[in-house]
Amino acid sequence: IARTASSAQARQVIEHDGDELRCRFETVPPMAPARFVVFHVGEDEVRGSDDIGRETLLVKPTWRGQALAAGLRYPKSSHMLRIERYMEDGRMVEHLRYPGKGVEMRRIFAKASA
């Protein structure tokens, strides 16, 4: 994620209807093909990929108040991360915690102009 943050702009389009989320992820310039994921809050695992194309598993996505919270795991690693997405001051925040390494980061997304 840090590599992407320093070399590309991430664009995420997320639509949700109740517990169904439809997501499109891409970077500019492209670092991996655009990805599309449709999932429901409450699923055990959701396969996806990160900004540079590495396979990920979203583990047990749930609503925690107004935040979408889940575990995040890279199948080639034993480390479990925690991710939350929520709105703050009209912007979407992606808050990622990596307890195994004592690392925490937030990406803040502005609303895209039409």
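Everything below is about the structure printed above this text.
Note that the structure is predicted; figures quoted are calculated from it, not measured.

Participant: Tell me about the sheet that holds strand β9 (residues 103–109), residues and numbers included.
Facilitator: In spatial order, the strands read β4-β5-β6-β7-β8-β9; together these six strands make up an open sheet with antiparallel pairing. Lying at the two open borders of the sheet, with one neighbouring strand each, are β4 (45–49) and β9. On average, each strand axis in the sheet is inclined to that of its neighbour by 25 degrees, with strand direction left out of account. Pairing geometry for strand β6 (residues 67–73) and strand β7 (residues 80–88), over six bridges, is antiparallel. Bridging across to β7, R73 finds its partner in M80.

Participant: Let's hear about unusual backbone geometry: which residues, and what values?
Facilitator: In this structure, P29 follows V28 across a cis peptide bond, with omega equal to 0 degrees. Of note, P29 is situated in the loop between β2 (20–28) and β3 (35–40). In this structure, K60 takes a positive phi of about 50 degrees despite not being glycine. With respect to the helices and strands, the residue K60 is situated in strand β5 (residues 55–64).

The rules we used
- Residues numbered from 1 in each chain as written.
- Predicted model: local features only at pLDDT ≥ 70, side-chain atom pairs only at ≥ 80, totals over all residues.
- Heavy atoms only, no water.
- Pairing = 2+ DSSP bridges.
- Helix = DSSP H or I, 4+ residues; strand = E, 2+ residues; numbered from the N terminus.
- Axes fitted to C-alpha atoms, helices over the stretch in contact; angles between N-to-C directions.

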